[in-house]
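Architecture at a glance
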Amino acid sequence: MTESGFRSAEDLPEGVSGHLANLILALADNKRLLGIRYSDWILGAPSVEAGIACSAMAQDEWGHARILYAMLRDFGHDPSALEHERASDEYHSSELLDRDVASWEEFLALNFLWDTALSVQFEMLVESRYEPIHYKVRKLLEEERFHFDHGQGWTSRLLSAEGGRVALAEAFGAAWNACLRGFGPDDDPLSGTLAAHGIVRRDAAGARARWLERVGPVAAETGLARDAGSEWVSTREPVWEDRWLARRRAVEGGPDEDSLARVRGDRNRELLMD
């Protein structure tokens, strides 16, 4: 790295620490809930191999989330409280993860589109000047390559199956806008401030362009992206029908009651003895 780094949250410039903590929490919450959605399909996947993959991806996401929650201690947060004690409307996770996934096509929308969107946000941190995170991100992204390959492979497989293209177009279309918004608006002060200080290497617009570069060649088969020559672009503009909340989502609320109990581990803790 050519620029000097920040070794702790205390070293960060004024106003940057809160934005970075917000981003880390959003990534952690999305990882935690995405792991729940992956685990739901361990037994319901269309093949034994896919079920095993769901199990592996769920474990990856939970492990990544725990690492991120632990990092927030440096910002004055209690990782245990973040993991186990928050209400639904305190989660910084996408509305895509608020409830159970009803079909394999909807599962693939999370696996291929949303998981890749999260990976792109981690890619922006690989050369971060905040040293505690850029040292951890490389290993995490190595594990995420399998998630992308799984989502891409199954999406391509269904696109060639009878009725698969229509079903995927519907599922991907329902998730597409939330994925576009997930990086924040182009004038997002969080990503803009972090990019200006070298904490992330692209702002919201740059991260969104990188995501389209990753998913565009396959998503084009559903009519959601096209090759514009020098870049892949969305055929739909992000629709901000609700305000962009500080919790990194456009819709009020949070995980439903069952999802909240699972993501906090309420049932597991009931088994603990004093």
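Structurally, Cys-179 can be placed in helix 6 (residues 164-181). With a relative accessible area of 0%, Cys-179 lands in the buried category. For the pair Cys-179 and Arg-247, spaced 68 residues apart in sequence, the C-alpha to C-alpha distance is 15 Å. Every residue in contact with Cys-179, bar those within four places of it in the chain, is listed here: Leu-96, Leu-113, Trp-114 and Trp-211.

Moving on: the nonpolar core. Core analysis: the largest hydrophobic core is formed by 78 residues, its most contacted members being Trp-104, Tyr-130, Trp-176 and Trp-211. Those elements that place two or more of their residues in this core are helix 1 (16-39), helix 2 (48-71), helix 4 (104-123), helix 5 (131-159), helix 6, helix 7 (189-196), helix 8 (204-219) and helix 9 (257-264). Ignoring anything within four residues of it in the chain, the contact list for Trp-176 reads Leu-113, Trp-211, Leu-212, Val-215, Ala-219, Leu-224, Ala-225, Ser-234 and Arg-236.

Below, the discussion takes up the packing of helix 4 against helix 6. Packing of helix 4 against helix 6 brings their axes to within 9 Å, and their N-to-C directions diverge by 45°. Taken as axis vectors, helix 4 and helix 6 run oblique relative to one another. Between helix 4 and helix 6 the crossing geometry is right-handed. On helix 6, the residues touching Glu-105, Glu-106, Leu-108, Ala-109, Phe-112, Leu-113 and Trp-114 of helix 4 are Ala-167, Leu-168, Ala-171, Phe-172, Ala-175, Trp-176, Ala-178 and Cys-179. Looking at the contact of helix 4 with helix 6 residue by residue, the class counts come to 13 nonpolar, no polar and two charged.

Glancing now at the pattern of salt bridges. What the rule picks out here adds up to 19 salt bridges. With its nearest N and O atoms 2.9 Å apart, the salt bridge here joins Arg-138 to Glu-127. Note that Arg-138 is positioned in helix 5 and Glu-127 in the loop between helix 4 and helix 5, a separation of eleven residues in sequence. Take Arg-138: its relative accessible area is 41%, and that puts it in the partly exposed class. Between Asp-188 and Arg-248 there is a salt bridge, with its nearest N and O atoms 3.0 Å apart.

Mapped onto the elements of the fold, Lys-31 is located in helix 1. Setting aside its immediate chain neighbours within four residues, Lys-31 contacts Glu-61, His-64, Ala-65, Leu-68, Phe-122, Leu-140 and Glu-144.

Attention now goes to the packing of helix 2 against helix 4. Contact pair helix 2 / helix 4: the axes reach a minimum separation of 13 Å and the direction vectors enclose 35°. Note that helix 2 runs across helix 4; the crossing there is left-handed. On helix 4, the residues touching Ala-50, Cys-54, Met-57, Glu-61 and Leu-68 of helix 2 are Trp-104, Phe-107, Asn-111, Asp-115 and Phe-122. A per-class count over the contact of helix 2 with helix 4 returns seven nonpolar, one polar and two charged.

Turning our eyes to something else, we now look at the state of the cysteines. If you walk through the whole model with that rule in mind, you get zero disulfides. The thiol sulfur of Cys-54 is not disulfide-bonded, and the nearest other cysteine sulfur, from Cys-179, lies at 18 Å. Under the relative-accessibility criterion, Cys-54 is labelled buried at 0%.

Conventions adopted
- Residues numbered from 1 in each chain as written.
- Predicted model: local features only at pLDDT ≥ 70, side-chain atom pairs only at ≥ 80, totals over all residues.
- Heavy atoms only, no water.
- Helix = DSSP H or I, 4+ residues; strand = E, 2+ residues; numbered from the N terminus.
- Buried < 20%, exposed > 50% of the residue type's maximum accessible area, 1.4 Å probe, protein only.
- Contact = heavy atoms within 4.5 Å.
- Core = buried A, V, L, I, M, F, W, Y, C linked by side-chain atoms within 4.5 Å.
- Axes fitted to C-alpha atoms, helices over the stretch in contact; angles between N-to-C directions.
- Parallel < 35°, antiparallel > 145°, perpendicular 65-115°, else oblique.
- Left-handed = near helix turned anticlockwise from the far one by under 90°.
- Nonpolar A, V, L, I, M, F, W, Y, C, P; charged D, E, K, R; others polar.
- Salt bridge = Lys/Arg side-chain N within 4 Å of Asp/Glu carboxyl O.
- Disulfide = S-S within 2.5 Å.

Purely geometric stuff here, so don't read any function into it on its own.
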